[in-house]
Amino acid sequence: MGTRTIAGVTVQVNDEGFLTNPAEWNKSIAAEIAKEEGIATLSDAHWKVIDYCRGEANKLGGKSPTLRQITVGTGVQTKELFGLFPKGPAKKVARIAGLGKPEGCV
Amino acid sequence: MSPIEVIEPEHNRVKLAKDGRYLDYDFLVIATGARTHPEETPGLQEHEWHKSIYDFYTVEGALALQKHLRNWEGGRLVVNVVENPIKCPVAPLEFIMLADWFFHEQGIRDRVELIYATPLPGAFTKPIASKQLGHILDEKNIKVEPEFMVMEVNPDEKKIVSYDEREIEYDLLVTVPLNKGDEVIGRSGMDAGDGLNYVPVDKHTFLSPTYGNVFVLGDAAAVPTSKAGSVAHFAVDIFAENFVRHIDGLEMHHKFDGHANCFIESGFGKGLLIDFNYDVEPLPGRYPLPGVGPFKLLEESEMNHWGKMMFRWMYWNILLKGAELPLPAKMSMSGKWR
Ligand SMILES: Cc1cc2nc3c(=O)[nH]c(=O)nc-3n(C[C@H](O)[C@H](O)[C@H](O)COP(=O)(O)OP(=O)(O)OC[C@H]3O[C@@H](n4cnc5c(N)ncnc54)[C@H](O)[C@@H]3O)c2cc1C
């Protein structure tokens, strides 16, 4: 746990660089983290997924939705999600959207 | 006896599948659980189903797998969780650790390769548990393939393929298929709209936010804790006290905290125990008596294994008879440390 400055804002992050307080997030932070994840610019398609995840997390008490919830909720196919957020979309979207890492119980 | 065909919460009634009869209700408690859906993954439940591909979340699957393992001469065994949430999220880990032990006992462990392919970032994902238990699979020579989202199974070439085009070959595939709530939930329009057929409820009281006389308990509820028998047990304790008040129009005083308590058999006569809730991740400590135990949290011990064995008796003779189990429904921080 610690803090770091992303896009000019100091936010709380965990050891793996996930924001720990979704309320500290903003769109510039998202763009900055996306770059770190190898996504140069966030397109409308990216935003559709990010916005959906933020909305769901709000309903799920801060928990990021699962891949299936994302595909059903946004209509974006799983294969496409892997195109937008290569190698592990669930984890990448969660990090860019300022949400917790997808976790098991232990 | 009949399954429920559809729930009509607007009309406070359910329709029976058998004879189409309606039953009216004042209050409805839904406890329809979750089950596996192998048909949702291409190639899984086809001609190799229960030949080289097995599940153990159904009685038929578990029995067929047991038979297969009796004469299996070794090779690569892959355990794959299709997608979360699944009921008893530790069961696949438990399975693979017990498999390691079993193959040792059979004297063929050196001829078996064990791989755990999970959609999660690792076998253990909570910070303290990963630190505490991260080594355990290494020591057992069980390989983990993290963030593996299976797209399809190729039953002829015996490999599983992920969405990011990784391939894992197997000789024996043990799958935990997609878990979903019962179809009656979706059919009745009571799901969360994510195709998983779980009912959204208040996570502290299990009351539906849409219908003031509908509660959902156990695996059927969309709440952010594990789908486990222990959770359902603790939840019912809280619910029962709340429900009698709710009937009388009184405020519900008790709030469920997401408490889960799970033994994890780790093989060689040892086991692990985890105790956690919505807010507190599994921590090391002693359970149920602070400082004394006899069970150790987040640590392997023989006593933990005996705990699980003892639980078999407790299940049939205490739980199923509805007798009181002297364990508090709410998680306690005493006896735990960080
Ligand atoms: C392999 C495995 C190992 C596990 N190990 C553990 C463990 O060690 N510890 C632990 O705590 N938990 C464990 N669990 C999880 C535990 O079994 C479940 O969490 C628990 O059974 C959930 O109880 P429930 O009453 O919500 O649902 P269920 O036990 O699934 O019961 C639901 C019932 O509803 C009925 N039903 C469904 N739809 C309808 C309908 N339309 N009309 C009428 N009836 C319907 C079903 O037939 C079923 O009888 C394990 C699960 C598995 C698969």
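Residues numbered from 1 in each chain as written. Chains lettered and ligands numbered in written order. Predicted model: local features only at pLDDT ≥ 70, side-chain atom pairs only at ≥ 80, totals over all residues. Heavy atoms only, no water.

A. Spotlight on the overall build of chain B. Counting its regular elements, chain B contains six helices and 21 strands. Its C-alpha radius of gyration of 21 Å places chain B within 12% of the 20 Å reference for a compact globule of 338 residues. Projected onto its principal axes, the C-alpha coordinates of chain B cover approximately 65 × 50 × 35 Å. Counting all 338 residues of chain B, 53% fall into the buried class. (Helix = DSSP H or I, 4+ residues; strand = E, 2+ residues; numbered from the N terminus. Rg over C-alpha atoms; globule rule 2.2 N^0.38 Å. Buried < 20%, exposed > 50% of the residue type's maximum accessible area, 1.4 Å probe, protein only.)

B. Spotlight on the interface of chain B and chain A. Counting from both sides, the interface comprises 32 residues of chain B and, opposite them, 18 residues of chain A. Together, the buried faces of chain B and chain A total about 2,200 Å²; carbon and sulfur atoms form 61% of this surface. Sorting the residues of chain B by area buried against chain A places Glu147(B), Tyr163(B) and Asp194(B) first, and these three jointly supply 24% of that buried surface. Between the two partners, chain B and chain A, sit five salt bridges. With a shortest N-O distance of 2.8 Å, Lys126(B) and Glu103(A) are connected by a salt bridge. Scanning the region where chain B abuts chain A turns up eight residue pairs in polar contact (both at pLDDT 80 or more). (Contact = heavy atoms within 4.5 Å. Buried area = accessible area lost by both parts, 1.4 Å probe. Salt bridge = Lys/Arg side-chain N within 4 Å of Asp/Glu carboxyl O. Polar contact = N/O pair within 3.5 Å; in protein donor to acceptor, adjacent residues only side chain to side chain.)

C. Representation of the packing of aromatic side chains in the model. Residue and element names in this part refer to chain B. A complete count under the given rule lists 15 aromatic pairs over all chains for this structure. Relative to Phe-95, the ring of Phe-56 has its centre 4.8 Å away and its plane inclined at 15 degrees; by these criteria the two rings are stacked. A residue pair is termed long-range when its members are at least 10 positions apart, and Phe-56 in the loop between strand 6 (53–55) and helix 1 (59–70) and Phe-95 in helix 2 (residues 91–106) qualify at 39 residues. When sorted by exposure, Phe-56 lands in the same class as Phe-95, which is buried. (Phe/Tyr/Trp six-rings, centres within 6.5 Å; stacked < 30°, edge-to-face > 60°.)

D. Quick peek at the site of the ligand. Residues and elements named next belong to chain B. Of all residues adjacent to the ligand, which total 16 residues, the nearest are Ile-4, Asp-182, Asp-219, Gly-229 and Ser-230. Within the backbone of Asp-219, one N or O atom sits 2.9 Å away from an oxygen atom of the ligand. The backbone of Ser-230 places a nitrogen or oxygen atom 2.9 Å from an oxygen atom of the ligand. (Near = heavy atom within 4 Å.)

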